[in-house]
Amino acid sequence: MSNPRNGDTKPPCLPRNGLVKIPTQPNGLGSASITKGTPAVKNRLCQPSSVPAILSPALAPRSDLPVPSLASPLSLAALAGVSSPPGTSLVALNSSEAAPGSEHPSPERLPGSPSERQLVVDEKILNRLFWYFSACEKCVLAQVCKAWRRVLYQPKFWVGLTPVLHTKELYNVLPGGEKEFVSLQGFAVRGFDGFCLVGVSDLDICEFIDNYPLSKKGVKSMSLKRSTITDAGLEVMLEQMQGVVRLELSGCNDFTEAGLWSSLNARITALSVSDCINVADDAIAAISQLLPNLAELNLQAYHVTDTALAYFTAKQGYTTHTLRLNSCWEITNHGVVNMVHSLPNLSVLSLSGCSKVTDDGVELVAENLRKLRSLDLSWCPRITDMALEYIACDLHKLEELVLDRCVRITDTGLSYLSTMSSLRSLYLRWCCQVQDFGLKHLLGMGSLRLLSLAGCPLLTTTGLSGLVQLQDLEELELTNCPGATPELFKYFSQHLPCCMVIE
């Protein structure tokens, strides 16, 4: 990991250096779609923790204790407890693995009275206190003393977090120039059951399997990104790691459809494949035949055609509830016909970037997938107001609708949506024809909790100010919205005190 230069520091939650992948919010849509969500969640994660003021003077800052700044970025070494370059934070796995000169102080060495020293290592108190800190901060706090590390290394503090391991950080260079695989014991102690490996090869994956104590049956989720894994490596990984039920392959261009046929196992219930150039219709055939228990499929493949969407089996029609087809450019309304007949029980559907899908395709979705709770039609330029009328008439359970970059949607379409009493999240980013009159239709939607109007150029300050009528709104995104002035934000802070407004 790179060190800060020229005094610059990076926030502790950057995806590249933060090591921790924040879990997807429970809104039915995952990270497969690049158009969903607002910066609000990220803002909250990067804000300082609200910690109760119960710390005694024994925890006052001391210049002689090697506790790094909570603003310092954490490398793999910081999370795993291996040697790290000068200037980076270090969280040791145990006393023998601590960096030279950074030994953990014992409770007796802490300042204050004996009662205060006892208080700061009281495990009952610490078990409640540490819930207030972010994952990055917990990594730093684990350096304070052995008692704190013992408490913090309980698996309950790391549930839902995924370590991101880059190939260059997986090895230590020995004095003789040889490489040694890093110790992963610290991850095992904390009970991590999911990993994201970036830029790895078949050999790196084999080393990971051999060195992580829980790899055989304890790892439930594996993500490989920008890696050179081949058909043989994929087969070995899924054969050896018998516990994997969630698999992600992103930017892996060395495996083929034959590798999917030889390696996919029926235990897999969630599969995500994106930016893998060898994936086409035959890959979908392998998925449909080999994964009868598939519940979630995220697919971003430029060469998948309508034919592939007819491959799903009758059992998958009952088990599969989430389908995300992102930037599948060859999918047309004929593919939508195949999909709605093959997978009638979908509750989450994304057609983001499927630019050949028209209003007729949306009508098929609305008429046949009545259980939908989340629908993403972002970057579908052929969608018009008529599609929104179909959605409003038939999808009575819909809670989330994403219409980013649907440039043909007008105020008329919003009038149709205003009748949807179940809709909680509505994304209208860069819908360039939406005007103030359209916003008036939304003011009666008491169920709305999240509204994104980022990049809508025709909205004025006057029109936006009317949104104060949505008193139950929790998040409002107005990024790159010309009508969003400093005075408007001040007005919102006074009249929507419980709403997070994204400028």
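Residues numbered from 1 in each chain as written. Predicted model: local features only at pLDDT ≥ 70, side-chain atom pairs only at ≥ 80, totals over all residues. Heavy atoms only, no water.

(A) Molecular detail of the overall build of the protein. Along its length, the protein carries 19 helices and 17 strands. Here the protein, with 503 residues, has 51% of them falling under the buried criterion. Partitioning the contacts of the protein with sequence separation of at least 6, the portion at a separation of at least 24 is 74%. A total of about 22100 Å² of accessible surface is found on the protein, and carbon and sulfur atoms cover 54% of it. (Helix = DSSP H or I, 4+ residues; strand = E, 2+ residues; numbered from the N terminus. Buried < 20%, exposed > 50% of the residue type's maximum accessible area, 1.4 Å probe, protein only. Contact = heavy atoms within 4.5 Å. Areas by Shrake-Rupley, 256 points an atom, 1.4 Å probe, with all protein chains shown as cover.)

(B) Quick peek at the pairing of strand S7 (residues 246–250). By the criterion of burial, S7 is predominantly enclosed, with 4 of the 5 residues buried. Both strand S6 (residues 221–225) and S7 contribute to a ladder of 5 bridges, which runs parallel. Bridged to Ser221 within S7 is Arg246. As for the winding sense of the linkage, the β-α-β connection from S6 through helix H9 (residues 231–240) to S7 is right-handed. Relative to strand S8 (residues 270–274), S7 runs parallel, the two being bridged by 5 bridges. In the strand pairing of S8, Leu247 is matched with Leu271. (Pairing = 2+ DSSP bridges. Right-handed = clockwise from strand over helix to strand, strands pointing away.)

(C) Here's a closer look at the packing of helix H8 (residues 202–211) against H9. With their axes 9 Å apart at the nearest point, H8 and H9 run at an angle of 10° to one another. Our classification of the angle between H8 and H9 gives roughly parallel. Two packed elements cross with a definite hand, and for H8 against H9 that hand is left-handed. Contacts from Asp202, Ile205, Cys206 and Ile209 of H8 reach H9 at Gly233, Val236, Met237 and Gln240. Of the residues assigned to the contact of H8 with H9, the class counts are 5 nonpolar, 2 polar and 1 charged. (Axes fitted to C-alpha atoms, helices over the stretch in contact; angles between N-to-C directions. Parallel < 35°, antiparallel > 145°, perpendicular 65-115°, else oblique. Left-handed = near helix turned anticlockwise from the far one by under 90°. Nonpolar A, V, L, I, M, F, W, Y, C, P; charged D, E, K, R; others polar.)

(D) Up close: the packing of helix H13 (residues 333–342) against helix H14 (residues 359–368). Look at H13 against H14: their axes get within 9 Å of each other, and the N-to-C directions meet at 10°. Judged on the interaxial angle alone, H14 and H13 are roughly parallel. For the pair H13 and H14, contact is made by Asn333, Val336, Val337, Met339 and Val340 and by Asp360, Gly361, Leu364, Val365 and Asn368, respectively. Here the residues of the contact of H13 with H14 are counted per class, giving 6 nonpolar, 3 polar and 1 charged.

(E) Up close: unusual backbone geometry. For Trp379, which is not glycine, the phi torsion reads 60° and is therefore positive. Relative to the assigned elements, Trp379 resides in the loop between strand S12 (374–376) and helix H15 (385–394). With a relative accessible area of 44%, Trp379 lands in the partly exposed category. For Arg405, which is not a glycine, the phi torsion comes out positive at approximately 65°. Note that Arg405 resides in the loop between strand S13 (400–402) and helix H16 (411–417).

(F) The environment of Val402, seen in detail. The topology assignment puts Val402 in strand S13. Residue classification places Val402 among the buried positions, given a relative accessible area of 0%.

(G) Just the packing of aromatic side chains, in detail. Summed over all chains, the structure comprises 13 aromatic pairs. Ring centres of Phe208 and Tyr212 lie 5.7 Å apart, and the angle between their planes is 15°; this geometry places the pair in the stacked category. Both residues of the pair, Phe208 and Tyr212, belong to the buried class. One aromatic cluster is present, formed by Trp158, Phe187, Phe192, Phe195, Phe208 and Tyr212 through successive ring pairs. Lys179 extends its terminal NZ or CZ atom over the ring of Tyr171, reaching a point 6.0 Å from the ring centre. Geometry around Trp158 places Arg190 over its ring, the cationic atom sitting 5.0 Å from the centre. (Phe/Tyr/Trp six-rings, centres within 6.5 Å; stacked < 30°, edge-to-face > 60°. Lys NZ or Arg CZ within 6 Å of the ring centre and 35° of its normal.)

(H) Quick peek at the pattern of salt bridges. By the definition in use, this model includes 8 salt bridges. Between Glu123 and Arg150 there is a salt bridge, with the nearest N and O atoms lying 3.0 Å from each other. On the criterion of sequence distance, the pair formed by Glu123 in helix H4 (residues 123–129) and Arg150 in helix H6 (residues 146–152) is long-range, its members being 27 residues apart. Among the residues examined, Glu123 registers a relative accessible area of 36% and is labelled partly exposed. Its salt-bridge partner being Arg429, residue Glu477 comes within 3.0 Å of it at the nearest N-O pair. (Salt bridge = Lys/Arg side-chain N within 4 Å of Asp/Glu carboxyl O.)

(I) Focus on H14. Of all the positions in H14, only Asp359, Gly361, Val362, Val365 and Ala366 are classed as buried. Taken down its axis, H14 places every buried residue within 155° of arc, on the same side. Elements that come into contact with the buried residues of H14 comprise H13, strand S11 (348–350), S12 and H15. (Arc of directions from axis to C-beta.)

(J) Expanded view of the confidence of the model for the protein. Overall, the predicted model of the protein reaches an average pLDDT of 82, with 78% of residues at or above 70. Scored below 50 in pLDDT, residues 1–102 shows 202 contacts in the model against residues more than four places distant or in partner chains. (pLDDT = per-residue confidence, 0-100.)

(K) Structural view of H8. For H8, the complete set of buried residues consists of Asp204, Ile205, Phe208 and Ile209. The buried residues of H8 occupy an angular sector of 140° when projected down its axis, which confines them to one face. Turned more than 90 degrees away from the buried face of H8 sit Leu203 and Asp210, all of them exposed. If you follow the buried residues of H8, they end up packed against strand S2 (162–166), strand S3 (171–173), strand S4 (179–181), strand S5 (194–198), S6 and H9.

(L) Focus on the pairing of strand S9 (residues 296–300). Counted residue by residue, S9 has 5 buried out of 5 residues, so it is predominantly covered. Neither face of S9 is open: one carries Glu296, Asn298 and Gln300, the other Leu297 and Leu299, and all of them are buried. In this structure, S8 lies alongside S9, joined through 5 bridges in parallel fashion. In the strand pairing of S9, Leu271 is matched with Leu297. Handedness of the β-α-β unit built from S8, helix H11 (residues 281–290) and S9 comes out right-handed. For S9 and strand S10 (residues 322–325), the ladder comprises 4 bridges, and the chain directions are parallel. Bridged to Leu297 within S10 is Leu323. On the question of chirality, the crossover connecting S9 to the parallel S10 by way of helix H12 (residues 314–319) is right-handed.

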